[in-house]
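Breakdown of the fold
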Amino acid sequence: MSTSLADRWERAAPDPDPVRDLGYEIAEWDERWVSYRSGERLVLVPTDEDEFERDAYIVADARAVCDPIKRA
């Protein structure tokens, strides 16, 4: 019998391991700052071109991005 996603989340540890507990795959990403008509955007794409798909990227407004080292 297959367990539902809700059941798996319910049993997950409060601070789950992304790979072991959640089944995520770790990937390398490249970042590129792109000028856009309303400002800068950060675009993250997989380093390995074979892993790139139409929906396999992240776009963030510059105001939503911070350097955690500088914020510490």
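Above this note sits the structure.
The rules behind each value
- Residues numbered from 1 in each chain as written.
- Predicted model: local features only at pLDDT ≥ 70, side-chain atom pairs only at ≥ 80, totals over all residues.
- Heavy atoms only, no water.
- Pairing = 2+ DSSP bridges.
- Helix = DSSP H or I, 4+ residues; strand = E, 2+ residues; numbered from the N terminus.
- Axes fitted to C-alpha atoms, helices over the stretch in contact; angles between N-to-C directions.
- Salt bridge = Lys/Arg side-chain N within 4 Å of Asp/Glu carboxyl O.
- Buried < 20%, exposed > 50% of the residue type's maximum accessible area, 1.4 Å probe, protein only.

Some thoughts on the sheet that holds strand β2 (residues 39-46)
Reading across from one edge, β1-β2-β3 is the order of the 3 strands in this open sheet, with antiparallel pairing throughout. One side of each edge strand has no neighbouring strand; the edge strands of this open sheet are β1 (29-36) and β3 (58-61). The average undirected angle you get between the axes of adjacent strands in this sheet is 25°.

Section: the pairing of β2
The side chains of a regular strand alternate, first on one face of the sheet and then on the other. Pairing analysis gives 8 bridges linking β1 to β2, with the strands arranged antiparallel. The partner of W29 across the bridge, within β2, is P46. Once β1 ends, the chain turns through 2 residues before running back antiparallel as β2.

Section: the pattern of salt bridges
Note that side chains of opposite charge can pair when their charged atoms are close. This model, assessed by the stated rule, comprises 2 salt bridges. In this structure, the salt-bridge partner of D61 is R41, at a minimum N-O distance of 2.7 Å. With a gap of 20 residues between them, D61 in strand β3 and R41 in strand β2 connect regions that are remote in the sequence. Residue classification places D61 among the partly exposed residues on the basis of a relative accessible area of 22%. Connected through shared salt-bridge partners, R41, D61 and R63 make up one network.

Read these as layout, nothing more, since geometry by itself doesn't imply function.
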